[in-house]
Amino acid sequence: MRILDVVEVTRPIASPIRNAYIDFSKMTTSLVAVVTDVEVDGRRVVGYGFNSNGRYGQGGLIRERFRDRILNAAPDSLLNDKGDNLDPHCLWDVMMSNEKPGGYGERSVAVGTLDMAIWDATAKIAGKPLFRLLAEMKGVEANPRVFVYAAGGYYYPGKDLIALRQEMRGYLNRGYTVVKMKIGGAAIEEDRRRIEAVLQEIGSEARLAVDANGRFDLETAIAYAKMLREYPLFWYEEAGDPLDYSLQATLSEFYPGSMATGENLFSHQDARNLLRYGGMRPDRDYLQFDCALSYGLVEYLRTLDVLKQYGWSPSRCIPHGGHQMSLNIAAGLGLGSNESYPDLFQPYGGFPDSVNVEDGHIIMPELPGIGFEGKFDLIKEMRALAE
Ligand SMILES: O=C([O-])CC(=O)C(=O)O
Ligand SMILES: [Mg+2]
């Protein structure tokens, strides 16, 4: 058994939206395929992956460093002890050979993207949904019913309060019970009006989370905390710079409700620093590390070990990114929920076509691998790359 090829193409996922920090007019993603020589049911096993929105495609790094390391490794060194499947941990070590520690933004997205494809191939070779494979690996019970929330509420040209309310109403109509909107891209009083409009629209049918995308300095973060705490919000997300643990810790003195952060921390070492120094509260706060941006599931397993050491339950994890990889981790390893962008970043985000949101939850279908084969528009693009 061996890996025959690793293929990458960089694709646009552009849209006219913006958050408090960036617009998405030039956003791209890397789509990758890990091609094996294994056949299951007469079809070659190819694992697929892509990176989450917010970071751009990684073609340069994948083609110049990581692809060659995988293809140049002795094929047997990439297999499990029985020699009957790939071992994602061995592949991770091979990809990270000759890489110094630290600087975790530099290559974590490239490695995370490839890691997604490697796990997809591994679960397909095992003939199981990834979430079932993960639960078996850890000796825990899988739970195919996963809580999901709808992220949107972006700023875009000409979008008024009516359009914002309509967007949120659309999420409720599709079965979501928690919705998220952006803040920090307008003056505080305008954001207050946006929040009030959404709260009026959703009433008691749903809860609202708000996301500042790391825009605020401490003073502004506190000013927002004082405004936001007047409302029954689901969470206050990424108020300040993702690496400013002191800001996050100080903010918790001003905001008694739930806060969320972590989507821009890309290693278990960074996650550990957040838990050590960020004043995050295990009884109410949420951790949003996204494996597709942060060295993949091999690293995410280390991050979950760090959580355990610091007294955090995996149920406090609600990953960023809206992809099926994190859905599998949630169903297999007991994360609290997963993000979803009902109208954005297609065809990469979202669920298999047969899956509907009901009462804020989805049920994972029993598809081998990550489940990309169940999403027609997505698997069409993937297969065009490598099959
Ligand atoms: O707008 C973005 O960069 C995405 C984001 O923060 C989120 O989904 O939480
Ligand atoms: Mg966010």
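Our structure's up above, just so we're on the same page.
What comes next is a walk through the structure. (Residues numbered from 1 in each chain as written. Chains lettered and ligands numbered in written order. Predicted model: local features only at pLDDT ≥ 70, side-chain atom pairs only at ≥ 80, totals over all residues. Heavy atoms only, no water.)

**Some words on the coordination of the magnesium ion (ligand 2)**
And step 1. Taken together, the protein ligands of the magnesium ion (ligand 2) are Asp211 (OD), Glu237 (OE) and Glu263 (OE), with distances of 1.9 to 2.2 Å.
And step 2. Donor residues binding the magnesium ion (ligand 2) come from one chain and are separated in sequence as D-x25-E-x25-E. Taken as a pair, Asp211 in strand β6 (residues 207-211) and Glu263 in the loop between β8 (259-261) and α9 (268-277) lie far apart in primary sequence, 52 residues in all. Judged on exposure class, the residue Asp211 and its partner Glu263 are both buried. (Donors = N, O, S within 2.8 Å, 3.2 Å for Na, K, Ca; no water. Helix = DSSP H or I, 4+ residues; strand = E, 2+ residues; numbered from the N terminus. Buried < 20%, exposed > 50% of the residue type's maximum accessible area, 1.4 Å probe, protein only.)

**Details of helix α11 (residues 324-333)**
And step 1. Among the ten residues that make up α11, ten are buried, leaving the element largely enclosed by the rest of the structure.
And step 2. Residues of α11 that are buried include every one of Gln324, Met325, Ser326, Leu327, Asn328, Ile329, Ala330, Ala331, Gly332 and Leu333, and no others.
And step 3. Looking one or two residues past α11, Gly334 carries a phi angle of roughly 80 degrees, positive in sign.

**Some points on the pattern of salt bridges**
And step 1. For the structure shown, the criterion picks out 30 salt bridges.
And step 2. Salt-bridge contacts for Asp5 lead to Arg67; the nearest nitrogen and oxygen are separated by 2.7 Å. Of this pair, Asp5 sits in strand β1 (residues 3-12) while Arg67 sits in helix α1 (residues 59-72); the two residues are 62 residues apart in sequence, bridging distant segments of the chain.
And step 3. Linking Lys128 and Glu136 is a salt bridge whose minimum nitrogen-to-oxygen distance equals 2.9 Å. (Salt bridge = Lys/Arg side-chain N within 4 Å of Asp/Glu carboxyl O.)

**Describing the site of ligand 1**
And step 1. Lining the immediate environment of ligand 1, one finds 13 residues, of which Tyr154, Lys180, Asn213, Glu339 and Tyr341 sit closest.
And step 2. Measuring from an oxygen atom of ligand 1, one finds a side-chain N or O atom of Asn213 at 2.8 Å.
And step 3. At 2.5 Å, a side-chain N or O of Glu339 approaches an oxygen atom of ligand 1.
And step 4. Burial of ligand 1 by the protein amounts to 97% of the accessible area it has alone, namely 270 Å².
And step 5. Tallied by class, the residues present in the shell around ligand 1 amount to three nonpolar, four polar and six charged.
And step 6. Of the residues that make up the shell around ligand 1, three or more belong to each of domain 1 (3-127) and domain 2 (137-372). (Near = heavy atom within 4 Å. Polar contact = N/O pair within 3.5 Å; in protein donor to acceptor, adjacent residues only side chain to side chain. Areas by Shrake-Rupley, 256 points an atom, 1.4 Å probe, with all protein chains shown as cover. Nonpolar A, V, L, I, M, F, W, Y, C, P; charged D, E, K, R; others polar. Domains from an automatic or database assignment.)

**A look at the side chain of His323**
And step 1. Along the polypeptide, His323 turns up in the loop between α10 (296-309) and α11.
And step 2. A relative accessible area of 1% places His323 in the buried class.
And step 3. Discounting residues that sit within four places of it in the chain, His323 has contacts with Phe50, Ser52, Met116, Asp290, Cys291, Ala292 and Asn338. (Contact = heavy atoms within 4.5 Å.)

**A word on the packing of aromatic side chains**
And step 1. The tally for this structure, following the rule as stated, stands at 14 aromatic pairs.
And step 2. Pairing Trp92 with Tyr295 gives two aromatic rings, centres 5.7 Å apart and planes at 65 degrees, and the pair type is edge-to-face. With Trp92 in helix α2 (residues 88-95) and Tyr295 in the loop between β9 (286-287) and α10, the pair connects residues that are 203 residues apart, well separated along the chain.
And step 3. Centre to centre, the rings of Tyr341 and Phe345 are 4.9 Å apart; their planes meet at 90 degrees, and the pair counts as edge-to-face.
And step 4. Exposure remark for Phe345: the relative accessible area of 9% places this residue in the buried category.
And step 5. Through a chain of ring-to-ring contacts, the aromatic side chains of Phe24, Tyr154, Tyr341 and Phe345 assemble into a single cluster. (Phe/Tyr/Trp six-rings, centres within 6.5 Å; stacked < 30°, edge-to-face > 60°.)

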